[in-house]
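Each chain is listed here by its residues.
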Amino acid sequence: MITEQLIWFIDSRFAYQTTSLDKVVRLANIHQKSIKVIIDVSCQITGRGYWHLFNDKKAFETELMVEVEAKKNKLLKYFSMNAIKVEVAINESANYLAALNASIENNVNSVVIIEGNRAEKRHSIFQHLADINAPVLLLTKKLWKKPMSFLVAVDPLHEHARPEMIDNNIVSLTKNWVDKLQAKWTVAHCFYIASVLTKYKNNVRAMHHDGLDIFAKELKIPHEQCVLLEGIPEDVLASYVRQHHVDIITIGLVARNQLNRLWIGSTTTALLCDPPCDMLLIKH
């Protein structure tokens, strides 16, 4: 999987982080691609239900759009200074997801970039991550170190109705980014043994070890770049990220039943609540 388009989705209610801007510039440079920025004002426009409280609603709306235009022009200037081609669009439609997916349709090898605010400040797009038709890079305030480090979370046994090809695509996209960023990467597979299966612990561990080993051989991943983690997946992954100073964890964004608009895989959901680092979420 090769990234051919970067789309940065910005919530107009908040100032974007300087660290996020630096990361987007770095990605644009290493991929040698232009950037599409979508500044979404739908959350503020939706607030028109309260505009009757203002004496001059037209002036308030004008002031809002002036602020958004100023943000747009600032971005245009910054990317121009870094010799990066950029297109900045302002979305006022409540159907922001359709607008975003329309941009993705123009280039199927897109990656959508979103900042991860605290839960109470998050844009409603976080409720629809599984509906975005492209990988999603969730940015935290954490700086990227040099060289960068990736942790690739896979499930080679395809448990919990996980699609078989998703792990191959996770590895493929990560390899592409690792090569361009000259980063380090490790492939991790987690398994949890419930107390009722304690007496079969060795057998269960061997089964998962063999599954990871076969997966690594098929994709030509060196044995020393693979790690088997025992415990509740979201806990052991977060712990590994902290201990090994991981910059980006690549993980599947999997809808496990027909209610895919309401929830995604439990491990990814748990990590999204409090991301231990930046997360590259891959759906297909």
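This text follows the structure it describes.
So, how was this worked out
Residues numbered from 1 in each chain as written. Predicted model: local features only at pLDDT ≥ 70, side-chain atom pairs only at ≥ 80, totals over all residues. Heavy atoms only, no water. Buried < 20%, exposed > 50% of the residue type's maximum accessible area, 1.4 Å probe, protein only. Helix = DSSP H or I, 4+ residues; strand = E, 2+ residues; numbered from the N terminus. Pairing = 2+ DSSP bridges. Axes fitted to C-alpha atoms, helices over the stretch in contact; angles between N-to-C directions. Contact = heavy atoms within 4.5 Å. Salt bridge = Lys/Arg side-chain N within 4 Å of Asp/Glu carboxyl O. Patch = residues over 30% accessible without salt bridge, like charges linked within 9 Å, V, L, I, M, F, W, Y side chains within 5 Å. Areas by Shrake-Rupley, 256 points an atom, 1.4 Å probe, with all protein chains shown as cover.

A.B. asks: Go over the pairing of strand 9 (residues 248-252) with me, naming the residues and quoting the values.
C.D. replies: Most of strand 9 sits inside the fold, with five of its five residues counted as buried. By the alternation rule, side chains of strand 9 split into Ile248, Thr250 and Gly252 and Ile249 and Ile251, which are all buried. Across three bridges, the pairing between strand 6 (residues 149-154) and strand 9 is parallel. What sits directly across from Leu151, in strand 9, is Ile249. Across five bridges, the pairing between strand 9 and strand 10 (residues 278-282) is parallel. Pairing of Ile251 across the sheet is with Leu281, part of strand 10.

A.B. asks: Outline the sheet that holds strand 1 (residues 5-11), listing residues and values.
C.D. replies: The strand order across the open sheet built from ten strands is 3-2-1-4-5-10-9-6-7-8, with neighbouring strands paired in mixed fashion. Edge positions in the sheet fall to strand 3 (86-91) and strand 8 (226-230), since each has one partner strand and no second. Shown here is a sheet whose adjacent strand axes are inclined to one another by a mean of 25 degrees, direction ignored. Of the strands in this sheet, strand 6, strand 7 (184-191) and strand 8 touch helix 6 (residues 201-218), which is tilted by about 155 degrees from strand 8.

A.B. asks: Lay out the pattern of salt bridges with the relevant residues and their values.
C.D. replies: This structure, assessed with the given rule, holds seven salt bridges. Put simply, Arg13 and Asp11 hold a salt bridge, and the shortest N to O gap is 2.6 Å. Its relative accessible area of 33% is what places Arg13 among the partly exposed residues. The closest approach of N and O atoms between Glu87 and Lys36, which form a salt bridge, is 3.8 Å. Of this pair, Glu87 sits in strand 3 while Lys36 is found in strand 2 (residues 35-40), placing the two residues 51 residues apart along the sequence. Connected through salt bridges with shared partners, the residues Lys201, Arg205 and Glu230 form a single ionic network.

A.B. asks: So what about the pairing of strand 6? Which residues, and what values?
C.D. replies: Looking along a regular strand, one sees the side chains alternate between the two faces of the sheet. Across the six residues of strand 6, six count as buried, placing the element largely inside the fold. Where burial is concerned, the two faces of strand 6 agree: the one with Ser149, Leu151 and Ala153 and the one with Phe150, Val152 and Val154 are both buried. Where strand 6 lies against strand 7, six bridges are found, and the strand directions are parallel. Bridged to Leu151 within strand 7 is Thr186.

A.B. asks: Any chance you could break down a nonpolar patch on the surface for me, citing the residues and the numbers?
C.D. replies: A cluster of nonpolar side chains, Val196, Leu197 and Tyr200, forms an exposed patch at the surface whose accessible area comes to about 290 Å². Looking at Val196, the relative accessible area reads 68%, which means it is exposed.

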